[in-house]
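Per-entry structural report
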Amino acid sequence: RLSQLDRVRSFGRTSLYDSLVRAADLFKLAQGRRALVVFTDGEDVSSRGSADTVRTALQGKDVVLYVAGQGRAAEDRELRDRLRAMAAETGGAALFASKMSALDEHFTEIAQDIGNQYVLTYTPDRPLGDGAWRQIRVELSKRQHDVRARQGYFAARSTDPR
């Protein structure tokens, strides 16, 4: 329950990026859709990894990232933009609130988004297996709806355990 989050107190040094990379690793053997929902103030003061390390880990494991940001994440434009970019690249979203009470609506939106997805497939022009990043873009012919989709994928080599 959201009311229980009011009792959570932060402490220590935040390793947000390292935590996201570790979470992506936990998905490597999971079947089906993979979504990671992160509640954060967005600050990272002690990770060994970087935002690029997170991108590679999430995209390499086909994990969709959803961020519920509060505190500094809701106030700092640069931080919001970084978190939005990481989430958007995976097909997820980043939502921010200045008050804890507003997060209830965001969590509901995230749950609905996870539960209402379509799977599109296609055959690439170039053969798979080179390990390269392949950019993709999904568009609708009529702009009546919003599309949120991953921005690409790694063309996994046959020996990659993704």
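Quick look at the structure, then. Bear in mind the structure is a predicted one, so any value in this text is a computation, not a measurement. (Residues numbered from 1 in each chain as written. Predicted model: local features only at pLDDT ≥ 70, side-chain atom pairs only at ≥ 80, totals over all residues. Heavy atoms only, no water.)

Topic: the layout of surface pockets
Taken as a whole, the largest pocket spans an internal volume of roughly 1,600 Å³. At the level of elements, helix H3 (51-60), strand E2 (64-70), helix H5 (77-90), helix H6 (103-115) and strand E5 (152-154) are the ones that each hand at least two residues to the lining of the largest pocket. When grouped by side-chain class, the residues that make up the lining of the largest pocket number 21 nonpolar, 10 polar and 10 charged. (1 Å grid on protein atoms, 1.4 Å probe; cavity = no way out; pocket = protein on both sides within 12 Å on 5 of 7 lines; lining within 4 Å. Points joined across faces, edges and corners; volume = space filled by probe spheres on them. Helix = DSSP H or I, 4+ residues; strand = E, 2+ residues; numbered from the N terminus. Nonpolar A, V, L, I, M, F, W, Y, C, P; charged D, E, K, R; others polar.)

Observations regarding the environment of Val 67
By the secondary structure assignment, Val 67 is in strand E2. Through-space distance from the C-alpha of Val 67 to that of Phe 39 is 6.1 Å; in sequence the pair is 28 residues apart. Look past the residues within four positions of Val 67 in its chain and what remains in contact with it is Val 38, Thr 40, Leu 83, Ala 93, Ala 94, Leu 95 and Ile 110. (Contact = heavy atoms within 4.5 Å.)

Quick notes on H6
Across its 13 residues, H6 extends 18 Å between first and last C-alpha, which sits within 8% of the 18 Å expected from 1.5 Å per residue. For H6, the complete set of buried residues consists of Leu 103, His 106, Ile 110 and Asp 113. For H6, the angular spread of the buried residues around the axis is 80 degrees, confining them to a single face. Seen from the open side of H6, the exposed residues pointing more than 90 degrees away from its buried face are Glu 105 and Gly 115. (Expected span 1.5 Å × (residues − 1). Buried < 20%, exposed > 50% of the residue type's maximum accessible area, 1.4 Å probe, protein only. Arc of directions from axis to C-beta.)

Notes on the sheet that holds E2
One open sheet holds the three strands; their spatial order is E1-E2-E3, and the pairing between them is parallel. Of all the strands in the sheet, the pair left with one neighbour each is strand E1 (35-40) and strand E3 (93-97). The average angle at which neighbouring strand axes cross in this sheet is 10 degrees, direction not considered. One ladder, built from six bridges, connects E1 with E2; its direction is parallel. Across the sheet, residue Thr 40 finds its bridge partner in E2, namely Gly 69. Docked against the sheet, H5 engages E2 and E3, running at close to 150 degrees with respect to E3. (Pairing = 2+ DSSP bridges. Axes fitted to C-alpha atoms, helices over the stretch in contact; angles between N-to-C directions.)

Details of the nonpolar core
Core analysis: the biggest nonpolar cluster contains 24 residues, and Leu 20, Leu 36, Val 54, Leu 58, Leu 65, Leu 83 and Met 86 have the highest contact counts within it. When residues of this core are traced back to their parent elements, those giving at least two are helix H2 (16-26), E1, H3, E2, helix H4 (72-75), H5 and E3. At six residues, the largest contribution of residues to this core is made by H2. If we skip the residues at most four places from it in the chain, Leu 36 touches Leu 20, Ala 23, Phe 27, Leu 58, Val 63, Val 64, Leu 65 and Tyr 66. Listed in part, the five residues of the second largest apolar core include Val 64, Tyr 66, Ala 93 and Ile 110. (Core = buried A, V, L, I, M, F, W, Y, C linked by side-chain atoms within 4.5 Å.)

Remarks on the environment of Val 21
With respect to the helices, strands and loops of the structure, Val 21 is situated in helix H2. Separated by 35 residues in sequence, Val 21 and Thr 56 place their C-alpha atoms 8.6 Å apart. Not counting residues up to four positions away in its chain, the partners in contact with Val 21 are Thr 53, Val 54 and Ala 57.

What to know about the environment of Met 86
Among the secondary structure elements, Met 86 is positioned in helix H5. The exposure class of Met 86 is buried, given its relative accessible area of 2%. Excluding its chain neighbours within four sequence positions, the residues that come into contact with Met 86 are Tyr 17, Ala 51, Val 54, Arg 55 and Leu 65.

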